[in-house]
2 protein chains.
Amino acid sequence: MENSKNQQETTKIQKELHNGPFMTEKMEKKNLFATDLFPHNPRGWDETSHFLKSIVELLLEYIKEENDRSTKVLEFHQPEEMAGLIDLHIPEEPMSLNELLKSCNEVLRLGVRTGHPHFFNQLSQGLDLIAMAGEWLTATCNTNMFTYEISPVFILMEKEVTKRMIELIGWPTGDAIFSPDMQFSHVQNIWEWDQFHHFAVLLQKSFNIHTDASGRMLPRALEEQIIKSKEEGLYPFFVCATAGTTVYGAWDPIEEIADICERYDLWLHVDAAWGGGILLSPEYRHKLAGIERAKSVTWNPHKLMGSLLQCSACFVRQEGLLFQVNQMSADYLFQQDKPYDVSYDTGDKAIQCGRHNDIFKLWLMWRSKGMEGYRRQINRLMDMAKYFTERIKATEGFEMVVDEPEFLNICFWYVPRSIRSVDLREKMSRLEKIAPKIKAQMMQRGTTMVGYQPDEHKKRPNFFRMVISNANVQKVDLDFIIDEIVNLGYDL
Amino acid sequence: MENSKNQQETTKIQKELHNGPFMTEKMEKKNLFATDLFPHNPRGWDETSHFLKSIVELLLEYIKEENDRSTKVLEFHQPEEMAGLIDLHIPEEPMSLNELLKSCNEVLRLGVRTGHPHFFNQLSQGLDLIAMAGEWLTATCNTNMFTYEISPVFILMEKEVTKRMIELIGWPTGDAIFSPDMQFSHVQNIWEWDQFHHFAVLLQKSFNIHTDASGRMLPRALEEQIIKSKEEGLYPFFVCATAGTTVYGAWDPIEEIADICERYDLWLHVDAAWGGGILLSPEYRHKLAGIERAKSVTWNPHKLMGSLLQCSACFVRQEGLLFQVNQMSADYLFQQDKPYDVSYDTGDKAIQCGRHNDIFKLWLMWRSKGMEGYRRQINRLMDMAKYFTERIKATEGFEMVVDEPEFLNICFWYVPRSIRSVDLREKMSRLEKIAPKIKAQMMQRGTTMVGYQPDEHKKRPNFFRMVISNANVQKVDLDFIIDEIVNLGYDL
């Protein structure tokens, strides 16, 4: 992608960024600073309210634009160029409220609109406005999920929501905690066990166990690996099955894997970070059949369920285990002589001390949809994925990587006209560069974003991974990206 | 604390909670649902805007009340009682927008006001409204600090802010990442090293190294432990010095510890999670003298700097090290053939995959204050701590735990009249129960909150740990808590 913007253009963009009324003229003339607002200035309520409402006006404008399909998804700039477009320095003296509002506007203008209906780049897509409102409230409460003492409502809320999620997993009881990010939750799980089994070997599917062409773990390969490890004097203890893999959206056969785990007395963890939301659909939850046999599960509602990032939960079937393995016995942090039942305190359940409130936005969003709304949402996404798959199959130049996608990931190549008739080896070699080229042009045009990658084992050249998780995606959006790829790639 | 609320009272509170206009009458009559809003209903902009503004009205009301000193800090209820006051269930059918607004109001009413000027319970206090506005924007952008591709502005912003923080630490260069929570950053640090030194022993001061009466690590004890460990065939490699301990606010003597680390070739980590903000004050930064000799530092701006939780940074002096030790080489996540300099991508620098944007709120807040504003804020807090210490020393019945607090933690006992003249052993034994009793009554009255704990080594009975980190705290607030403790404790 060429570094095409010259100084003149840069100045033009900068000028545009500084347009627009921020504080009303009257307020702007006052040249106000943060110290003129609450809590610093107890007589500054009007100014405080005015400033916060001005921020909200900017955000509303952003939301409106983001949902307008004619708005770009992003305005791409190379890092050095971007650094020239926005002033990021920390000043010696305070900046005025009006300058801060201008900064906010610049940041909004120059960012990537991840809620745009043409953004398909990550597993998390779309902006649920109820979840967003929930996060605004969370920020205003600014509390820590540390103890019942300082987060009484949110602690009870977490219990209620995780109880529901445990029912969906299919366990009679269980324990849970929201802690940042799938992988972290994941590490936490492993961590716990490492404390019990010091000579354990960790079998991670992505590195160790072979998969079929659709990306599903081969149970036979797992069993062979277990037997081989034992023969080598190792002590296998942990198997991670994935419900919805990151690239292919594949479902590991949990029932068969659970059988093996029972046979060899292994801990079964199901990583349902991406796929967990499918449990909300009675029509599709069979894809996770056997998940109730897992001893632990991770599930990230910020992915399929569309909660804002971050929102990741870790579940353990055995009640009390999270306490047992994470507790620091830090009496100086978690006093036992409190005037309420300290089993409600969660500080000892997680590795970290300060724990962000990730539950409220999920709770509010879930209530706004109800079980029924989520069911419809998930089923509709599955329909959209089918529609997209059919369109891809029917459109000249597209080839599926996995013929029958099982989830919301649709992996495909686009083959430009010039290489449609070359031999397979050369085609594969030239295809490696096609997806990156198309992606680069997409970003330059700013019209849409979709990810690409090679196969994990580098057996397949770079292909696109389309993900459909934005609850608001329409067929026209799916048509749009197909057309855009053809437009950009046909003559490559 | 007795479970005093009867059913009648519960109903009364519930009734109060449901008062107040939420959506305007016109909107309420329409009985709207989330599906009537953007993005689900593209013709629903007015309703969308109205709903979000209604949420903001609730939040503004909350902020106003929180800053009113006559408002309670909390309304305490036992967990079972609280569960009866608020309906937390996940419904089958969607709930209306009006019901959601009522839920929000209930949550706000029943929570703990951590930004209240009489809340002294945690290291994080107060609600900086600029940081809060920043977090509202962060939620609206809902992006992931994963790659330059999807977070161009925030990635550059993180570079700019951490560059400034590295200068404050005193390193010529360095590498940094914001990742959730002090302890997690901490683990991350250790983790890195564990990958290099498989037979290493970890010396954690809080468990292993003796401290003086003020809670400062004794360098001689550290050196003795190192020598002893080596003699036992262990391989010490990591020393964690703390700049501002959680309970006493003590400063470990970094220069002397650094000398020892150099002598024995040990990795020096400085945990400045709490104390790091002192680097912003030219008058007090000498307390961290020697920090520039550390190889890694953790610093949580959500504590002293007053950014919203969470906001925690981890710094490493050697550039490139975070990449080296955390990278998963996950080409399928972080492609190397992108059309921009991929060294801007941070995905391989952290353990986790999805990384929340914790930088924007800090950046916006810092700009609102400038270096000069922060300097004044920190110095003012130190003055307030001195004022409080003097008042405690001058008030009958109070005894200092550490005579000369060095930071913003002031640890003290309150001795009720009845045990002022008993012998020391009995006094100590009876004091153990005093702080919990006073605290329980404080919470019952809802007037203020301050933490208590015993000494880490259980040598000192339960004492109060006052923390002064709310930028807006006034002398009247400090007077208030002293009076409140006397009122509650005098006759115990």
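Treat the numbers as computed from the prediction; the structure is a model and nothing was measured.

S.K.: What am I meant to see in the overall build of chain A here?
M.R.: Counting its regular elements, chain A contains 15 helices and 11 strands. Counting over 492 residues, chain A shows a buried share of 65%. Considering only residue pairs separated by 6 or more positions, chain A has 73% of its internal contacts joining residues 24 or more positions apart.

S.K.: Sorry if this is basic, but what is going on with the side chain of Arg460(A) here?
M.R.: All names here are of chain A. Along the polypeptide, Arg 460 turns up in the loop between strand S10 (449-453) and strand S11 (463-467). Buried charged residue Arg 460 carries no salt bridge. Nearest counter-charge: Asp 455, at 4.1 Å. Here Ala 213 takes part through its backbone oxygen, which lies 3.2 Å from a polar atom of the side chain of Arg 460. The contact partners of Arg 460, leaving out residues within four places of it in the chain, are Ala 213, Tyr 248, Val 401, Val 402, Trp 413, Pro 454 and Asp 455.

S.K.: Where do I start with the nonpolar core in this structure?
M.R.: Burial of nonpolar side chains together is a common tendency in soluble globular proteins. Among the nonpolar cores identified, the biggest contains 306 residues, and Trp366(A) and Trp366(B) are the most heavily contacted of them. Each residue touching Trp366(A), except ones within four places of it in the same chain, is listed here: Val161(A), Arg164(A), Met165(A), Leu168(A), Leu280(A), Met305(A), Met371(A), Tyr374(A) and Ile90(B).

S.K.: Help me understand the relation of the copies chain A and chain B, please; the structure alone is not making it clear to me.
M.R.: Mapping between the two copies of the chain is achieved by a rotation about an axis and a shift along the axis. Superposing chain A onto chain B takes a rotation of 180° combined with a translation of 0.0 Å along the rotation axis, leaving an RMSD of 0.0 Å. This pairing of chains is accounted for by a two-fold axis. Minimal C-alpha distance to the rotation axis in chain A is attained by Trp136(A), lying at 2.6 Å. When the interface residues of chain A are mapped onto chain B, 100% of them are again interface residues, pointing to one common binding face.

S.K.: Looking at this structure, I do not really get the UniProt feature "modified residue: N6-(pyridoxal phosphate)lysine" (unreviewed entry) in chain A. What am I missing?
M.R.: In the UniProt entry, the feature "modified residue: N6-(pyridoxal phosphate)lysine" (unreviewed entry) is given for Lys303(A). Mapped onto the elements, Lys303(A) comes out in the loop between strand S6 (296-299) and strand S7 (313-316).

S.K.: Hey, could you run me through the interface of chain A and chain B in this one?
M.R.: Frequently, the measure chosen for interface size is the accessible area that the parts lose on association. Contacts between chain A and chain B engage 131 residues on the former and 131 residues on the latter. When chain A packs against chain B, close to 11900 Å² is buried across both sides, 68% of that on carbon and sulfur atoms. On inspection of chain A and its partner chain B, the count reaches 8 salt bridges. Asp87(A) is the partner of Arg367(B) in a salt bridge, and the nearest nitrogen-oxygen pair spans 3.5 Å.

S.K.: Where do I start with the pairing of strand S6 (residues 296-299) of chain B in this structure?
M.R.: A regular strand carries its side chains on alternate faces of the sheet. Residues and elements named next belong to chain B. Residues Ser 296 and Thr 298 line one face of S6 and the alternating positions Val 297 and Trp 299 line the opposite face, and both faces are buried. Bridging between strand S5 (residues 267-271) and S6 involves 3 bridges; their strand directions are parallel. Pairing of His 269 across the sheet is with Ser 296, part of S6. By the bridge criterion, 4 bridges tie S6 to strand S7 (residues 313-316) in an arrangement that is antiparallel. Directly across from Val 297, in S7, lies its bridge partner Phe 315.

S.K.: So what exactly am I meant to see when it comes to the pairing of strand S4 (residues 235-242) of chain B here?
M.R.: All names here are of chain B. Of all 8 residues in S4, 7 are buried, a share of seventy percent or more. Direction of pairing for S4 relative to S5: parallel, over a ladder of 5 bridges. Within the sheet, the bridge partner assigned to Phe 238 lies in S5 and is Trp 267. Taking the sense of rotation as the criterion, the β-α-β connection linking S4, helix H11 (residues 254-264) and S5 turns out right-handed.

S.K.: Where do I start with unusual backbone geometry in this structure?
M.R.: Excluding glycine, most residues fall at negative phi; most peptide bonds, likewise, are trans. Residues and elements named next belong to chain A. Note that the residue after Phe 38, namely Pro 39, is joined by a cis bond; omega there is -10°. Checked against the element boundaries, Pro 39 lands in the loop between helix H2 (25-30) and helix H3 (45-66). A positive phi angle, near 40°, is found at Asn 142, a position not held by glycine. Within the secondary structure layout, Asn 142 lies in the loop between helix H6 (129-141) and helix H7 (152-169). The backbone phi angle of Asp 265 is positive, close to 55°, even though this residue is not glycine. Among the secondary structure elements, Asp 265 is positioned in the loop between helix H11 (254-264) and strand S5 (267-271). A residue is classified by how much of its surface remains accessible, and Asp 265, at 64% relative accessible area, is exposed.

S.K.: I keep staring at H3(A) and nothing clicks. Help me out?
M.R.: Because an α-helix completes one turn every 3.6 residues, residues spaced three or four positions apart along the sequence face the same direction. Taking 1.5 Å per residue, 22 residues should reach 32 Å; H3(A) reaches 31 Å between its end C-alpha atoms and fits that length. Among the 22 residues of H3(A), 16 are classified as buried, and the element is accordingly described as predominantly covered.

S.K.: What exactly am I supposed to notice about the confidence of the model for chain A here?
M.R.: Close reading of the predicted structure is inappropriate where its pLDDT is low. Residue and element names in this part refer to chain A. This prediction gives chain A a mean pLDDT of 88; 86% of its residues lie at or above 70. Long-range and interchain partners of residues 1-5, a stretch whose pLDDT sits below 50, account for 15 contacts in this model, where long-range means more than four residues apart. Note on residues 182-203: pLDDT under 50 across the span, and 75 contacts to partners over four residues away in sequence or across chains.

S.K.: Looking at this structure, how should I read the packing of H6(A) against helix H6 (residues 129-141) of chain B?
M.R.: Each pair of packed helices can be described by the angle between their axes along with the distance between the axes. The geometry of H6(A) relative to H6(B) is characterised by a closest axis approach of 9 Å and an angle of 155° between their N-to-C directions. Put simply, H6(A) runs roughly antiparallel to H6(B). When the axes of H6(A) and H6(B) are compared, the crossing they make is right-handed. Two secondary-structure elements touch here, H6(A) through Met132(A), Glu135(A), Trp136(A), Ala139(A) and Thr140(A) and H6(B) through Met132(B), Glu135(B), Trp136(B), Ala139(B) and Thr140(B). Among the residues forming the contact of H6(A) with H6(B), the class breakdown is 6 nonpolar, 2 polar and 2 charged.

S.K.: Explain the sheet that holds S11(A) here, please?
M.R.: Adjacent strands of a sheet pair through backbone hydrogen bonds, lying either parallel or antiparallel. Residue and element names in this part refer to chain A. Taking strand neighbours across the sheet as the criterion, the 5 strands line up as S1-S10-S11-S9-S8 in an open arrangement whose pairing is mixed. The open sheet has two free edges, formed respectively by strand S1 (119-120) and strand S8 (398-400), since each of these has just one partner strand. Inspection of the sheet shows S1 paired to S10 by 2 bridges, in the parallel sense. Paired with Phe 120 across the two strands is Val 450, which belongs to S10.

S.K.: Would you mind going over the sheet that holds strand S8 (residues 398-400) of chain B with me for this structure?
M.R.: Residues and elements named next belong to chain B. Taken together, 5 strands build an open sheet; the order of strands is S1-S10-S11-S9-S8 and the sheet is mixed. Since the sheet does not close on itself, it has two edges, and those belong to strand S1 (119-120) and S8, each with one partner. For strand S9 (residues 409-414) and strand S11 (residues 463-467), the ladder comprises 4 bridges, and the chain directions are antiparallel. Looking at the pairing, Phe 412 lines up with Phe 464 of S11. Of the strands in this sheet, S8, S9 and S11 touch helix H13 (residues 359-394), which is tilted by about 15° from S9.

S.K.: Explain the packing of aromatic side chains here, please?
M.R.: Any aromatic ring pair is given by two values, namely how distant the centres are and how the planes are angled relative to each other. The full count for this structure, using the stated rule, is 37 aromatic pairs over all chains. Look at Trp136(A) and Trp136(B): their rings are 5.5 Å apart centre to centre, the planes differ by 20°, and that puts the pair in the stacked class. With Trp136(A) in helix H6 and Trp136(B) in helix H6, this residue pair bridges two chains. A relative accessible area of 0% means that Trp136(A) is categorised as buried. With a centroid separation of 6.5 Å and 90° between ring planes, the pair formed by Tyr148(A) and Phe76(B) is classed as edge-to-face. In this pair, Tyr148(A) sits in the loop between H6 and H7 while Phe76(B) sits in the loop between helix H3 (45-66) and helix H4 (79-85), so the two residues belong to two different chains. Members of the aromatic cluster, joined through ring pairs, are Phe388(A), Phe398(A), Phe412(A), Tyr414(A) and Phe464(A).

Rules used throughout
- Residues numbered from 1 in each chain as written.
- Chains lettered and ligands numbered in written order.
- Predicted model: local features only at pLDDT ≥ 70, side-chain atom pairs only at ≥ 80, totals over all residues.
- Heavy atoms only, no water.
- Helix = DSSP H or I, 4+ residues; strand = E, 2+ residues; numbered from the N terminus.
- Buried < 20%, exposed > 50% of the residue type's maximum accessible area, 1.4 Å probe, protein only.
- Contact = heavy atoms within 4.5 Å.
- Lys, Arg positive; Asp, Glu negative; His and termini not counted.
- Salt bridge = Lys/Arg side-chain N within 4 Å of Asp/Glu carboxyl O.
- Polar contact = N/O pair within 3.5 Å; in protein donor to acceptor, adjacent residues only side chain to side chain.
- Core = buried A, V, L, I, M, F, W, Y, C linked by side-chain atoms within 4.5 Å.
- Least-squares fit on C-alpha atoms with pLDDT ≥ 70 in both.
- UniProt positions renumbered as here; feature names shortened; annotations may be inferred.
- Buried area = accessible area lost by both parts, 1.4 Å probe.
- Pairing = 2+ DSSP bridges.
- Right-handed = clockwise from strand over helix to strand, strands pointing away.
- Expected span 1.5 Å × (residues − 1).
- pLDDT = per-residue confidence, 0-100.
- Axes fitted to C-alpha atoms, helices over the stretch in contact; angles between N-to-C directions.
- Parallel < 35°, antiparallel > 145°, perpendicular 65-115°, else oblique.
- Left-handed = near helix turned anticlockwise from the far one by under 90°.
- Nonpolar A, V, L, I, M, F, W, Y, C, P; charged D, E, K, R; others polar.
- Phe/Tyr/Trp six-rings, centres within 6.5 Å; stacked < 30°, edge-to-face > 60°.

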